[in-house]
Amino acid sequence: MRLPVLLLGALVCLSAAPGPVTAGADRSCTDLRQFYTGKGFILAGVPQTEISGEHLRMCPQGPTCCTSTMEENLASLSARETEGLIREAGRSLQAVFNGLHRSFDTYFTELHGRSERSLQEALSPLGPLYSQNTRLYGDLYTDLRQYYRGSALNLDETLSEFWSRLLERTFKISAPTDVSLSEDYLECVAKQQETLRPFGDVPRDMKAKVIRAFVTARSFVQGLIVSGEVVRKVSQVSLSPECTKALMKLVYCPHCRGLASVKPCSNYCSNVMKGCLANQADLDPEWQNLIDTMIQVASSFSTEPSLDVVLSSIPARIYEAVHFLQENMDTFTAKVYQTCGTPGEPGTGSPTLHEQRKKSGSLTASEYKPSPTAGLRLEMQVSDLSSKLREMRQYWIQLPVELCRKLAAGSASQDKCWNGITKSRYLPEVMGDGLANQINNPEVELDITKPDMTIRQQIMQLKIMSNRLKNALDGNDVDFQDASDDISGSGSGMCVSGQCSRSRPGLYAYSPDNNRVRGAATSQTRLCSLLLLLPLAILLLQR
């Protein structure tokens, strides 16, 4: 009686088990062999006809043309190809940022250069005060250029120093020819720039406008550079092993099952890509914040006084300031004598300077008007910058959509697409964006308590850059030291004191309908095992 019982259990099990003893077992693997070699692999070990698929670890088990080695090779290939698509998308976005940078930099440097070249025309009426101090004016433009390029200059101090030196030179040229002014005395004169306001309101007004113009221009360029760097670094982040398995099932398992022409269901693809790019999607809030702030900064360039007016009017503002001092030199000199003492017996002033005072006109910055062409070019520049930046706002959450657009079936084929198991509709719901929303992702296993630290660093870079740009909008000078190491350990999803929970959240809080299909073979196997164990239990009891 024991032998018949054992045989009965074995026969029942074998009759229930899936295997190569089916009509499809003799299906040719010619198409897959051609496809496999076309991907650069050798045919050694590739079956001629379908084999049983119990060995598969990523694809659904069943008749297949793929061995374990082929499955691993194709899984690695799917990850490399997807990483290539991500890097390609990243390079395209970097190219846009680089183009915006070149465009704005060319515009700004040309504006700066034209302003510097117009110095001679605007200041030549000042006579020796210009001709003997060309280096002083040239140094101002050099300092402004270096600041824009990222130098650690304090722009407020630089402009204050310029006006102090200009006051010193103007007073020296205006002094009687028989009076010798010592370096200490001239230094005392220079210190009166802030208190006596010899140039009127021009230095204070010009300083506020120039600082705001250069701070916003520099921060805007830095924002473009930082944004491009974030894209470059994030696009190089490797995909996780869990993602690689999901990509294999999505992309190449249909080939192993003889369904090469069947494209993945769009919702199925969305869940895979949202799971694979969950950390990247967490960039979205700070990314959009930075892009919006950069658009604000770009718009500020055309706000009165516009960027082109501020830069182009610098020579006229300097002339206006010097002309004001010349007109009030006697009053200023008397106040200087009260503060710094009398340098010597009064004599006759410089004839050349007095003649230049009479000859000098009354050009002021308020009368300065840039050409209509310059204003039109600025409007076009701002419009182009803003429109292209807006196109980038949702890059990180649109990336999975763009990848699936290349891989997945269209909306008309949702009943005849690859759902990870077979050719049928995909039933689970589509997950949200970001790491926290992947807790129930049925396709990619993720530990939402362990975010990618490289991406967290880039999120911090975005926050820092946004704050700098907001400061720049208020005209506040900003510091552009590298903050790549400034990583905060606080916030949701971060490990506290290096201690991270090792317990994984439940990946399936609900049972997706597709799991019913997946569980069919498993249930059959369990039944088989029970039938085999039952005779053994009877034998043990009889002993």
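In case you missed it, the structure is sitting above this.
Heads up: these notes are all about the structure in this document. No experiment lies behind these values; they were computed from the predicted model shown. (Residues numbered from 1 in each chain as written. Predicted model: local features only at pLDDT ≥ 70, side-chain atom pairs only at ≥ 80, totals over all residues. Heavy atoms only, no water.)

Another point: the overall build of the protein. Broken down by element type, the protein carries 23 helices and zero strands. Considering only intrachain contacts with a sequence separation of at least 6, the fraction spanning at least 24 residues in the protein is 81%. Counting every atom, the protein has about 27000 Å² of accessible surface; 51% of that belongs to carbon and sulfur. (Helix = DSSP H or I, 4+ residues; strand = E, 2+ residues; numbered from the N terminus. Contact = heavy atoms within 4.5 Å. Areas by Shrake-Rupley, 256 points an atom, 1.4 Å probe, with all protein chains shown as cover.)

Within this structure, the stated rule accounts for seven disulfides. Disulfide partner of Cys29: Cys65, at an S-S distance of 2.0 Å. Since a negative S-S torsion denotes a left-handed disulfide, the Cys29-Cys65 link at about -85° is left-handed. Here Cys65 lies in the loop between helix 2 (30-38) and helix 3 (68-117) and Cys29 lies in the loop between helix 1 (2-16) and helix 2, a separation of 36 residues in the sequence. Side by side, Cys29 and Cys65 carry an identical accessibility label, which is buried. Cys188 shares a disulfide with Cys340; S-S distance 2.0 Å. Linking Cys188 and Cys340, the disulfide has an S-S dihedral of approximately -85° and is accordingly described as left-handed. Here the residue Cys188 occupies a position in helix 8 (residues 183-190), and Cys340 occupies one in helix 18 (residues 329-340), the gap between them amounting to 152 residues. (Disulfide = S-S within 2.5 Å. Buried < 20%, exposed > 50% of the residue type's maximum accessible area, 1.4 Å probe, protein only.)

Counting 131 residues, the largest nonpolar core has Leu74, Phe104, Tyr137, Phe220, Trp287, Ile318 and Leu389 as its most contacted members. The element that contributes the greatest number of residues to this core is helix 10 (residues 202-235), accounting for 15 residues. (Core = buried A, V, L, I, M, F, W, Y, C linked by side-chain atoms within 4.5 Å.)

Our focus in this paragraph is the packing of aromatic side chains. Summed over all chains, the structure comprises 17 aromatic pairs. Here Phe171 and Phe332 contribute two aromatic rings whose centre-to-centre distance is 6.2 Å and whose plane-to-plane angle is 85°, an arrangement assigned as edge-to-face. Placement of the pair is Phe171 in helix 7 (residues 155-174) and Phe332 in helix 18, with a sequence separation of 161 residues. For Phe332, a relative accessible area of 5% corresponds to the buried category. A cation over a ring is seen here: Arg218 above Tyr147, with NZ or CZ 3.9 Å from the ring centre. (Phe/Tyr/Trp six-rings, centres within 6.5 Å; stacked < 30°, edge-to-face > 60°. Lys NZ or Arg CZ within 6 Å of the ring centre and 35° of its normal.)

Evaluation of the coordinates by the stated rule reveals 21 salt bridges. A salt bridge links Asp282 to Arg456; the shortest N-O distance between them is 3.1 Å. Pair noted here: Asp282 is in the loop between helix 14 (278-281) and helix 15 (284-300) and Arg456 is in helix 22 (residues 453-473), with a separation of 174 residues, a long-range link. Notably, a salt bridge pairs Arg405 with Glu402, separated by 2.4 Å at the nearest N-O pair. Of this pair, Arg405 and Glu402 both sit in helix 21 (residues 395-407), three residues apart, which is roughly one turn of that helix. (Salt bridge = Lys/Arg side-chain N within 4 Å of Asp/Glu carboxyl O.)

All right, on to the environment of Arg169 then. Within the element layout of this structure, Arg169 appears in helix 7. Using a relative accessible area of 29% as the deciding quantity, one classes Arg169 as partly exposed. Sequence separation of Arg169 and Val189 is 20 residues, and the distance between their C-alpha atoms is 9.8 Å.

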